[in-house]
Amino acid sequence: LLLEFSFWNEPQPRQGPNIYELRTYKLKPGTMIEWGNNWARAIKYRQENQEAVGGFFSQIGELYVVHHLWAYKDLQSREETRNAAWRKRGWDENVYYTVPLIRTMESRIMIPLKISPLQ
């Protein structure tokens, strides 16, 4: 069961073609509020190209797990968008404060099925 972060956009149907990156972070116990507070400020750095699809967290099953879902036209636009975030003042500060909260992280690239509303 996943809940949506209140500061993140609600996932909306998208025109494609797109690829999606699902980034999963397993946080240190007791750090979810700190993570959420940092990302509530940081999400503005990643919405310029409408790549932010959704941010979710667990409350049942494995706890302190966060998922960020991002949309990109292709792997090249993913690289360009992520590099552009580093050129924005304040993004590095978000990374500085959130990286110590992470135990493990994983990134998966996904291609939507034809029936998915996220194309």
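Please refer to the structure higher up on the page.
A quick note: this is a predicted structure, and the numbers were derived from the prediction, not measured. (Residues numbered from 1 in each chain as written. Predicted model: local features only at pLDDT ≥ 70, side-chain atom pairs only at ≥ 80, totals over all residues. Heavy atoms only, no water.)

J.: So, the overall build of the protein chain: which residues are in play, and what are the values?
T.: When helices and strands are counted, the protein chain shows three helices and five strands. Counting helices and strands in the order they occur from the N terminus, the protein chain gives β-β-α-β-β-α-α-β. By the compact-globule yardstick of 14 Å for 119 residues, the protein chain fits well, its C-alpha radius of gyration being 14 Å. Summed over its atoms, the accessible surface of the protein chain is roughly 7400 Å², and 55% of this surface lies on carbon and sulfur atoms. For the protein chain, the distance from the average site of its 16 positive side-chain charges to the average site of its 13 negative ones is 1 Å. (Helix = DSSP H or I, 4+ residues; strand = E, 2+ residues; numbered from the N terminus. Rg over C-alpha atoms; globule rule 2.2 N^0.38 Å. Areas by Shrake-Rupley, 256 points an atom, 1.4 Å probe, with all protein chains shown as cover. Lys, Arg positive; Asp, Glu negative; His and termini not counted. Charge placed at Lys NZ, Arg CZ, Asp CG, Glu CD.)

J.: Talk me through the sheet that holds strand 4 (residues 65–72); I want residue IDs and the actual numbers.
T.: Backbone-to-backbone hydrogen bonds join strands into a sheet, with any given pair of strands oriented parallel or antiparallel. Pairing within the open sheet is antiparallel, and its five strands lie in the order 1-3-4-2-5. Where the open sheet ends on each side, the last strands, each with one partner, are strand 1 (2–4) and strand 5 (102–110). The mean inter-strand angle of the sheet, taken between neighbouring strand axes irrespective of direction, is 25°. Bridge analysis of strand 2 (residues 19–27) against strand 5 gives eight bridges, and the strand direction is antiparallel. (Pairing = 2+ DSSP bridges. Axes fitted to C-alpha atoms, helices over the stretch in contact; angles between N-to-C directions.)

J.: Residue-level account of the packing of aromatic side chains, with values.
T.: Applying the stated criterion across every chain, the model contains twelve aromatic pairs. Relative to Trp8, the ring of Phe7 lies with its centre 6.3 Å away and its plane at 40°, an arrangement referred to as tilted. One aromatic cluster is present, formed by Phe5, Phe7, Trp8, Tyr25, Trp35, Trp39, Tyr45, Phe57, Trp70, Trp86 and Trp91 through successive ring pairs. Over the ring of Trp70 we find Arg46; its NZ or CZ atom is 4.0 Å from the centre of that ring. (Phe/Tyr/Trp six-rings, centres within 6.5 Å; stacked < 30°, edge-to-face > 60°. Lys NZ or Arg CZ within 6 Å of the ring centre and 35° of its normal.)

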